[in-house]
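# Analysis of the macromolecular model
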Amino acid sequence: MSSMSAPPLEFAAFPVSQPPSQPYTIRLCLRLRSSPVVRARSPAPRATATAVSTRPAVSLYGDRDVVRLGLPSKGRMAEQTLSLLKSCQLAVRQLNPRQYTADIPLIPNLEVWFQRPKDIVRKLQSGDLDLGIVGFDIVSEYAQDNDDLVVVHDALDFGHCRLSLAVPKQGVFENVNSMEDLAKMPEWTEERPLRVVTGFGYLGAKFLKEKGLKHVLLLSADGALESFPPMGMADAIVDLVSSGTTLRENNLKEIEGSVVLESQATLVASRKSLHKRKGVLDITHELLERLEAHLRASAELMVTANMRGNSAEEVAERVLSLTSICGLQGPTISPVYCRHNDKVAVEYYALNVVVPQKLLYKSIQELRSIGGSGVLVTKLTYIFDEETPRWRNLLSGLGL
Ligand SMILES: Nc1ncnc2c1ncn2[C@@H]1O[C@H](COP(=O)(O)OP(=O)(O)OP(=O)(O)O)[C@@H](O)[C@H]1O
Ligand SMILES: O=P(O)(O)OC[C@H]1O[C@H](OP(=O)(O)OP(=O)(O)O)[C@H](O)[C@@H]1O
Ligand SMILES: [Mg+2]
């Protein structure tokens with residue numbers, strides 16, 4: 001668990017028109033950490049002999065030929081990202097675990113950079129990265145609805161979680177079961193607003209405004225948020241939920257309509273890079289094809305079985321009568337030739353069929369019931385379709 005960032009009022013939602021010391025009602029005009037308002041509240045720096053700039057590093061967009069992919073350097077997404085790429089034959093080669101750079105030998109013109117998830121989004125926006133794998137929550141929070149970033153694959157099938165508001169189960173919230181109930185509570189006033197702590201200032205503020213909450217003070221922290229209400233430091237939280245265990249263990253509950261956003265890992269790209277940097281579009285195409293084909297394949301298994309029969313058609317009739325087996329286009333049935341009394345004969349047919357993983361056992365039982373034997377089951381690496389709709393959508397979104 002990471003520690004809380006201090007101070008929690010970093011993006012307190014005070015109105016622009018009033019100084020922060022006055023009573024405030026949320027107007028949802030957030031000042032993020034490095035905002036002028038926050039800086040204006042710190043004492044002015046003393047003049048020193050050396051001028052030190054604290055501006056963010058500035059990139060020179062056009063300065064490189066190599067394409068850059070940002071991957072999470074830490075946290076729960078890091079390992080799963082590498083393992084997904086490995087399953088797509090795109091193993092990442094990192095010479096030293098402390099190095100932030102690596103490569104994927106199969107794609108020569110690609111550099112991998114390990115970064116914190118939010119920095120992946122920021123660097124995609126600044127042009128220092130071209131592609132990245134990061135949770136949709138982070139994309140939505142840090143890209144803030146502008147269209148510099150393009151989500152190339154929105155469902156990489158790991159890092160599933162939701163961003164949700166939660167309140168204590170007991171006390172004033174005991175009978176609060178929906179966002180409407182929360183918005184109607186008389187307890188929250190200009191003088192005593194509902195204090196909501198979150199690491200998602202942009203999404204949190206937008207959501208609370210959409211839900212019609214009037215008197216809200218948004219507080220910023222980025223770890224162990226579930227401890228804030230029991231410690232009396234906040235009334236509610238907006239945080240990620242996966243199994244729900246952390247909420248439950250801290251006596252918090254989600255309420256109806258409290259989900260801000262559903263999230264999982266995504267492949268994102270910089271729109272500008274897709275348009276302008278040589279090689280980005282081709283690499284994106286290859287990554288997308290491999291990821292889609294692999295994810296599709298990972299839900300299926302290839303089943304091979306021997307079937308006794310008089311003809312391929314007769315075997316096909318029996319197989320197609322089964323409910324669990326239909327294959328991608330239908331089963332492939334081919335004769336198995338063997339020598340019988342010096343003559344080549346066909347007694348068996350080999351059946352090849354792709355079966356959904358969850359129907360495997362049922363298919364085996366059904367195959368046996370129609371005379372199937374010697375059943376082999378193989379994992380599939382890829383199922384490539386003719387063209388991925390995501391690629392078509394990407395091109396049309398780019399106007400290509
Ligand atoms: N409980 C969870 N279950 C599944 N996925 C999660 C969960 N919490 C977060 N995620 C996803 O994983 C991403 C990274 O979360 P993680 O907790 O590893 O990093 P972090 O919160 O930024 O860092 P840290 O927890 O080390 O402060 C999140 O942005 C989200 O997409
Ligand atoms: O619903 P659950 O499965 O219990 O998961 C939810 C918790 O997971 C994340 O915390 P994390 O472990 O990343 O710690 P953090 O608060 O320090 O980020 C998230 O911020 C929640 O606290
Ligand atoms: Mg975390």
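A quick note: this is a predicted structure, and the numbers were derived from the prediction, not measured.

Spatially, the five strands line up as an open sheet ordered S8-S7-S9-S6-S10, and their pairing is mixed. Because the sheet does not close on itself, it has two edges, and the strands there are strand S8 (216-220) and strand S10 (252-263). Neighbour-to-neighbour, the strand axes of this sheet turn through a mean angle of 25°, independent of strand direction. Bridge analysis of strand S6 (residues 161-168) against S10 gives seven bridges, and the strand direction is antiparallel.

This part covers helix H10 (residues 312-320). Those residues of H10 lying buried are Val-315, Ala-316 and Val-319. Taken down its axis, H10 places every buried residue within 100° of arc, on the same side. Exposed residues lying more than 90 degrees from the buried face of H10 are Glu-313 and Glu-317.

Formed by 35 residues in total, the largest nonpolar core has its most connected members in Leu-131, Leu-156 and Leu-267. Counting residues per element, the ones that place at least two in this core are strand S1 (67-72), helix H2 (76-87), strand S3 (110-115), strand S4 (131-135), strand S5 (149-153), strand S11 (265-270), helix H9 (280-297) and helix H12 (389-397). Apart from residues lying up to four places away in sequence, Leu-267 is in contact with Leu-131, Gly-132, Ile-133, Val-150, Val-151, Val-152, His-153, Leu-156, Leu-287 and Leu-291. If you look at the next biggest cluster of nonpolar residues, it comprises 34 residues, including Ile-120, Met-179, Val-196 and Ala-236.

Read across the sheet, six strands follow the order S2-S3-S1-S4-S11-S5 without closing on themselves; strand pairing throughout is mixed. The outermost strands of the open sheet, each flanked by one partner alone, are strand S2 (101-103) and S5. This sheet shows a mean twist of 35° between the axes of neighbouring strands, independent of strand direction. Bridging between S2 and S3 involves three bridges; their strand directions are antiparallel. Bridging across to S3, Thr-101 finds its partner in Trp-113. Here H2 sits on the sheet and contacts S1, S3, S4 and S11; the angle it forms with S1, its principal contact strand, is near 130°. Sheet strands in contact with helix H3 (residues 117-126) are S1, S3, S4, S5 and S11, and its direction is about 145° off that of S4.

Its domain assignment divides the chain into domain 1 (61-160 + 265-297), domain 2 (161-263) and domain 3 (300-379). Distance from the C-alpha centre of domain 1 to the C-alpha centre of domain 2: 32 Å. Domain 1 puts eleven residues into the contact, and the matching count from domain 2 is twelve residues. The junction of domain 1 with domain 2 conceals about 950 Å² of combined surface from both sides, 49% of it contributed by carbon and sulfur atoms. Broken down residue by residue, the surface that domain 1 buries against domain 2 is led by Asp-137, Glu-141 and His-160, which jointly contribute 52%. Inspection of the region where domain 1 meets domain 2 yields one salt bridge. Notably, a salt bridge pairs Asp-145 with Lys-206, separated by 3.0 Å at the nearest N-O pair. There are eight residue pairs in polar contact (both at pLDDT 80 or more) connecting domain 1 and domain 2. Element by element, the count of residues in the side of domain 1 that touches domain 2 is highest for helix H4 (residues 136-143), at six residues.

Once that is clear, we can look at the pattern of salt bridges. Within this structure, the stated rule accounts for 18 salt bridges. The partner of Arg-122 in a salt bridge is Asp-119, with the nearest N and O atoms 3.0 Å apart. A residue pair is termed a helical-turn pair when its members lie 3 or 4 positions apart in one helix, as Arg-122 and Asp-119 do in helix H3 at three residues. Accessibility expressed as a relative area gives 15% for Asp-119, which makes it buried. Residue Arg-318 pairs with Glu-314 through a salt bridge whose shortest N-O separation is 3.0 Å. With Arg-318 and Glu-314 both in helix H10 and four residues apart, this pair spans about one turn of that helix. A relative accessible area of 23% means that Arg-318 is categorised as partly exposed. Overlapping salt bridges bring together Arg-64, Asp-130 and Arg-277 as one network.

About the thresholds
Residues numbered from 1 in each chain as written. Chains lettered and ligands numbered in written order. Predicted model: local features only at pLDDT ≥ 70, side-chain atom pairs only at ≥ 80, totals over all residues. Heavy atoms only, no water. Pairing = 2+ DSSP bridges. Helix = DSSP H or I, 4+ residues; strand = E, 2+ residues; numbered from the N terminus. Axes fitted to C-alpha atoms, helices over the stretch in contact; angles between N-to-C directions. Buried < 20%, exposed > 50% of the residue type's maximum accessible area, 1.4 Å probe, protein only. Arc of directions from axis to C-beta. Core = buried A, V, L, I, M, F, W, Y, C linked by side-chain atoms within 4.5 Å. Contact = heavy atoms within 4.5 Å. Domains from an automatic or database assignment. Buried area = accessible area lost by both parts, 1.4 Å probe. Salt bridge = Lys/Arg side-chain N within 4 Å of Asp/Glu carboxyl O. Polar contact = N/O pair within 3.5 Å; in protein donor to acceptor, adjacent residues only side chain to side chain.

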